[in-house]
Amino acid sequence: MIQVIRVAQEQDLDKAFRIREQVFVEEQQVPRDAENDAFETIANHYLATYEGVPCGAARWRTTDDGVKLERFAVLPDYRNKQVGAEVLKAVLNDVKAEQNGKKVYLNAQLPAVNFYKRNGFVTEGDMFTECDIQHYKMVFAG
């Protein structure tokens, strides 16, 4: 069973950060200072568990351009088990309830573009590289 919570306790935030560290820094070789940034304290964080095991994380924050979804990470052993879809659903439900129709967007890594397309996002603009990883900006179309 997959559970997704909006992080309210420090211990859950630590678990979310550890998942992100494993996925982005260790697996994808993203520099640690690029992964953990100045927006951590203002973002809304999420933690997913699969049968009680912490395995997914994400965050969102308000920007001048709308609402930016960020740092979606699922540990390798839990991919293709709907964890990412459940995290995205929880995040979008909160954003819709709290942000009154603001534009919702994200920067999707190339391998994740089709996942986001299946979940209502469309690409916008040209591919770009961030931390040596190819991305597309994607906007939620509903």
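Up top is the structure these notes are about.
Heads up: these notes are all about the structure in this document. (Residues numbered from 1 in each chain as written. Predicted model: local features only at pLDDT ≥ 70, side-chain atom pairs only at ≥ 80, totals over all residues. Heavy atoms only, no water.)

## Notes on the pattern of salt bridges
Test applied: The working definition used for a salt bridge is a side-chain nitrogen of Lys or Arg within 4 Å of a carboxyl oxygen of Asp or Glu. Each helix is a run of DSSP H or I of at least 4 residues and each strand a run of E of at least 2, with the numbering of both proceeding from the N terminus. Only protein chains enter the calculation, and the probe is 1.4 Å; a residue is then buried if its accessible area is under 20% of its type maximum, exposed if over 50%, and partly exposed in between.
Overall, the coordinates contain 18 salt bridges when judged by the stated rule. Across the pair Arg59 and Glu40 runs a salt bridge, and its minimum N-O distance is 2.9 Å. Here Glu40 lies in the loop between α2 (32-35) and β2 (44-50) and Arg59 lies in strand β3 (residues 53-63), a separation of 19 residues in the sequence. Taken as a pair, Arg59 and Glu40 share a single burial class, namely buried. We note a salt bridge from Lys68 to Glu70, for which the minimum N-O separation is 3.5 Å.

## Let's talk about the pairing of strand β5 (residues 104-109)
A regular strand carries its side chains on alternate faces of the sheet. Selection rule: Two strands make a pair as long as DSSP finds a minimum of two bridges between them. With strands facing away from the observer, any crossover in which the path from the first strand over the helix to the second runs clockwise is taken as right-handed.
Within β5, five of the six residues are buried, which leaves it mostly tucked inside the rest of the structure. Examined bridge by bridge, strand β4 (residues 66-74) and β5 share three bridges and lie parallel to one another. Bridge pairing links Lys68 to Tyr105 in β5. Handedness of the β-α-β unit built from β4, helix α3 (residues 83-98) and β5 comes out right-handed. When β5 meets strand β7 (residues 133-140), the two strands line up antiparallel, connected through five bridges. Of the residues in β7, the one forming a bridge with Gln109 is His135.

## Let's talk about the packing of aromatic side chains
Stated formally: Any Phe, Tyr or Trp ring, taking Trp's six-membered ring, that has another such ring centre within 6.5 Å forms a pair; planes under 30 degrees apart are called stacked, those over 60 apart edge-to-face, and the others tilted. We call a charge positioned over a ring when the NZ of a Lys or the CZ of an Arg lies within 6 Å of the ring centre and within 35 degrees of the ring normal.
Applying the stated criterion across every chain, the model contains five aromatic pairs. Three or more aromatic residues joined by ring pairs form one cluster here, namely Phe72, Phe115, Tyr116, Phe121 and Phe140. Lys103 extends its terminal NZ or CZ atom over the ring of Tyr105, reaching a point 5.9 Å from the ring centre.

## Digging into helix α1 (residues 10-27)
Counted only if it meets this: A helix is expected to span 1.5 Å for every residue after the first. Values of bend correspond, residue by residue, to the angle between axes fitted over the seven residues ending at that residue and the seven starting there. The contact criterion used throughout is that any non-hydrogen atoms of two residues lie within 4.5 Å.
Taking 1.5 Å as the rise per residue, α1 with 18 residues should run 26 Å; its terminal C-alpha atoms sit 24 Å apart, in good agreement. Along its length, α1 shows its largest kink, about 30 degrees, at Glu21. Buried within α1 we find Asp12, Leu13, Ala16, Ile19, Arg20, Glu21, Val23, Phe24 and Val25. Packing partners of the buried residues in α1 comprise β1 (2-6), α2, β2, β3, β4 and β5.

## Looking at unusual backbone geometry
Although it is not a glycine, Asn80 adopts a positive phi angle of roughly 65 degrees. On the secondary structure map, Asn80 appears in the loop between β4 and α3. One non-glycine residue, Cys131, adopts positive backbone phi at about 55 degrees. Structurally, the position occupied by Cys131 is in the loop between β6 (121-130) and β7. Exposure remark for Cys131: the relative accessible area of 32% places this residue in the partly exposed category.

## Points about the sheet that holds β2
As a reminder, the rule being used: Angles here are taken between N-to-C directions and fall from 0 to 180 degrees, while the axes themselves are lines fitted to C-alpha atoms, restricted in helices to the stretch in contact.
Spatially, the seven strands line up as an open sheet ordered β1-β2-β3-β4-β5-β7-β6, and their pairing is mixed. Pairing within the sheet leaves two strands with one partner each, and these edge strands are β1 and β6. Across the sheet, the axes of successive neighbouring strands diverge by a mean angle of 25 degrees, strand direction being ignored. Sitting on the sheet, α3 is in contact with β1, β2, β3, β4, β5, β6 and β7, with an inclination near 160 degrees to β4.

Just distances and angles here, no functional claims.
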